[in-house]
Amino acid sequence: VRFKNKRANKVALNRLEKAEEHRKANEQTKFYEETSKAVWLYLSDKLNIPLATLSKEMAGTLLRKREISQDIIDEVYLITDECELALYSPDAGDFKMNQIYSDSLKIIGTLEDKLES
């Protein structure tokens, strides 16, 4: 558990690097898949939730228990919702990959600071 918790940030940042490569290549589906995985796997590892049982509700509950503000939790939800919408919507071309990428980097950094203290 401690190992997964310590490596969560590194794994998430590696996935976001891959997402950035897909963004530059304009590979939208791969970009959103990697970004979504980066956030979900980070939460799974950091909050010690098995991936098979991970849900927004469970993640939100555990983040609130760790005194993470609702604004930050809402931002996590926004990122994951936009990734899901882009992946499963017939009109995914309207989404802004640059914004999602920078928001994902920002939220993982914020969570890392808050969850480590």
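Above this text sits the structure in question.
Residues numbered from 1 in each chain as written. Predicted model: local features only at pLDDT ≥ 70, side-chain atom pairs only at ≥ 80, totals over all residues. Heavy atoms only, no water.

Caption draft 1: Fine view of unusual backbone geometry. Here the phi dihedral of Asn26 falls at roughly 60 degrees; this positive angle occurs in a residue that is not glycine. Within the element layout of this structure, Asn26 appears in the loop between helix 1 (2-24) and helix 2 (28-47). Residue classification places Asn26 among the exposed positions, given a relative accessible area of 54%. Phi at Glu67 is positive, roughly 60 degrees, even though this residue is not glycine. Within the secondary structure, Glu67 is located in the loop between helix 3 (56-65) and helix 4 (70-88). (Helix = DSSP H or I, 4+ residues; strand = E, 2+ residues; numbered from the N terminus. Buried < 20%, exposed > 50% of the residue type's maximum accessible area, 1.4 Å probe, protein only.)

Caption draft 2: Main features of the environment of Arg66. Secondary-structure assignment places Arg66 in the loop between helix 3 and helix 4. In this structure Arg66 comes out as partly exposed when scored by relative accessible area, which is 38%. Expressed as a C-alpha distance, the spacing of Arg66 and Thr110, which sit 44 residues apart in the sequence, is 13 Å. Aside from chain neighbours lying at most four places away, what touches Arg66 is Lys46, Leu47 and Leu115. (Contact = heavy atoms within 4.5 Å.)

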